[in-house]
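Chains, contacts and geometry: an overview
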Amino acid sequence: MNKKFITLYRHIIDEERKYPDATGQLSDLLADIALACKVISLEVNRAGLIDIMGLTGTENVHGEQVKKLDEFAHDMLVRAMKVSGHLCAIASEESEDFIPVNEKFMGERPMSKYIIHFDPLDGSSNIDANISIGTIFSIYKRTTESGPGTLEDCLQLGTKQVAAGYIIYGSSTIMVYTSGKGVHGFTLDPTVGEFLLFYENIQIPKRAKTYSINEGNYSKWDSGLKEYVDDLKSANKDTGRPYSARYVGSLVADFHRNLLYGGIFMYPGDTKNPKGKLRLLYEANPLAFIVEQAGGRATNGKERILEIVPLDLHQKTPLFIGSEEDVLEAERFLAGK
Ligand code: AHG
Ligand code: MN
Ligand code: MN
């Protein structure tokens, strides 16, 4: 735990100094995201007191019921990102197409050299039950020269991310991010309205006895996965079984617990959904960047998540992510070894 009074902005600036050619734009962008998420946190914590609970009555591109808080978080982030002046394109789970950001919109603002993907509100089915939910983001440098961003700018390999992070709206509001030099966690102190450093350079345990998966889908899994999860539940002291099952149903909450304590989170493909449910660009890739920076592993059961070629903004991928030895062991079962 870190007793130093280091704010998120101070930490971001210190991180920026590690990159000699940094212009400060990424630092500003991360600070803008944090500000937008402070506002979302306020609304999440007031949900139920104001009319943003429940459904909007509309469906998103995935055919899912859009919750009012999904929409609020999306609108809040898009507004904050547009005025930041550092983006040429914004892609969101709640928007079928990406939103090109035209420099003219920003007046004299500096050249917009980044693009961002975000899941404005992850775990939204849990909103009304007061279970932790979150925001996930992933930032890339644009590949095109200038002007409003293009789809090409948005469809880049996960290895090209310059920063990624998530904010969890739970018993406290926590922000975890990496800009390529370690993973750092901050807790929002509502009395001063600042995210304060609580955990510098998070490292995920190489192995731990926790697994997270929706076992309601068991009948649709392939045989290797069934064998793996059955093995995790067996009583075998020699192989460190049984493991404990922990599944919140909010990816950010399940991931954050496993990042700190160790464990494996799995959202596999199955006979009904061969690519699973989670999206590559704004769920799997940002968390894969973070977990690798923390010494963990993230694959689709075979290939490294960060090397999956994105062909579509809302492309799905199976996800096996967490403690390195646990993910490697799951892959061996899936390969029938
Ligand atoms: P979102 O709310 O952004 O659509 O994400 C929900 C995801 C993820 O948070 C979670 O891990 C998964 O849905 C849970 O899915 P199941 O209910 O099918 O287990
Ligand atoms: Mn999500
Ligand atoms: Mn979402």
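On a predicted model such as this, the values are computed, not experimentally measured, just so you know.

Attention shifts here to the packing of helix α1 (residues 8-16) against helix α2 (residues 25-46). Interaxial distance between α1 and α2 falls to 9 Å at its minimum, and their mutual angle equals 160°. Accordingly, the angle class assigned to the pair α1 and α2 is roughly antiparallel. α2 is crossed by α1, and the crossing has right-handed handedness. Contacts between α1 and α2 involve Leu 8, Tyr 9, Ile 12, Ile 13 and Glu 16 on the former and, on the latter, Ser 27, Asp 28, Leu 30, Ala 31 and Ala 34. Of the residues in the contact of α1 with α2, the class split is 7 nonpolar, 1 polar and 2 charged.

Moving on, we get to the coordination of the manganese ion (ligand 2). Angles at a metal have ideal values that depend on geometry: 109.5 degrees with four tetrahedral donors, 90 or 180 degrees with six octahedral donors. Surrounding the manganese ion (ligand 2) are the protein donor atoms Asp 119 (OD), Asp 122 (OD) and Glu 283 (OE), at 1.9 to 2.1 Å. Read from N- to C-terminus, the donor residues coordinating the manganese ion (ligand 2) fall into the pattern D-x2-D-x160-E. In this structure, the manganese ion (ligand 2) is positioned 3.7 Å from the manganese ion (ligand 3), and both are ligated by Asp 119. Here Asp 122 is found in strand β5 (residues 114-122), whereas its partner Glu 283 is found in helix α7 (residues 280-293), with 161 residues between them in sequence.

Another aspect to go through is the coordination of the manganese ion (ligand 3). Those donors, Glu 93 (OE), Asp 119 (OD) and Leu 121 (O), are the protein atoms that reach the manganese ion (ligand 3), and they lie 2.0 to 2.3 Å from it. Along the chain, the residues donating to the manganese ion (ligand 3) are arranged with the sequence spacing E-x25-D-x1-L. Using a relative accessible area of 4% as the deciding quantity, one classes Glu 93 as buried. Since its relative accessible area comes to 1%, Leu 121 is described here as buried.

For the rest of this paragraph, the subject is the sheet that holds strand β13 (residues 264-267). Spatially, β12-β11-β13-β15-β14 is the arrangement adopted by the 5 strands of the open sheet, whose pairing is mixed. Each end of this open sheet is capped by a strand with a single partner; those strands are β12 (244-245) and β14 (297-299). With 2 bridges connecting them, strand β11 (residues 210-212) and β12 associate as parallel partners. Residue pairing across strands places Tyr 211 opposite Ala 245, the latter belonging to β12.

Scoring rules and cut-offs
- Residues numbered from 1 in each chain as written.
- Chains lettered and ligands numbered in written order.
- Predicted model: local features only at pLDDT ≥ 70, side-chain atom pairs only at ≥ 80, totals over all residues.
- Heavy atoms only, no water.
- Axes fitted to C-alpha atoms, helices over the stretch in contact; angles between N-to-C directions.
- Helix = DSSP H or I, 4+ residues; strand = E, 2+ residues; numbered from the N terminus.
- Parallel < 35°, antiparallel > 145°, perpendicular 65-115°, else oblique.
- Left-handed = near helix turned anticlockwise from the far one by under 90°.
- Contact = heavy atoms within 4.5 Å.
- Nonpolar A, V, L, I, M, F, W, Y, C, P; charged D, E, K, R; others polar.
- Donors = N, O, S within 2.8 Å, 3.2 Å for Na, K, Ca; no water.
- Buried < 20%, exposed > 50% of the residue type's maximum accessible area, 1.4 Å probe, protein only.
- Pairing = 2+ DSSP bridges.

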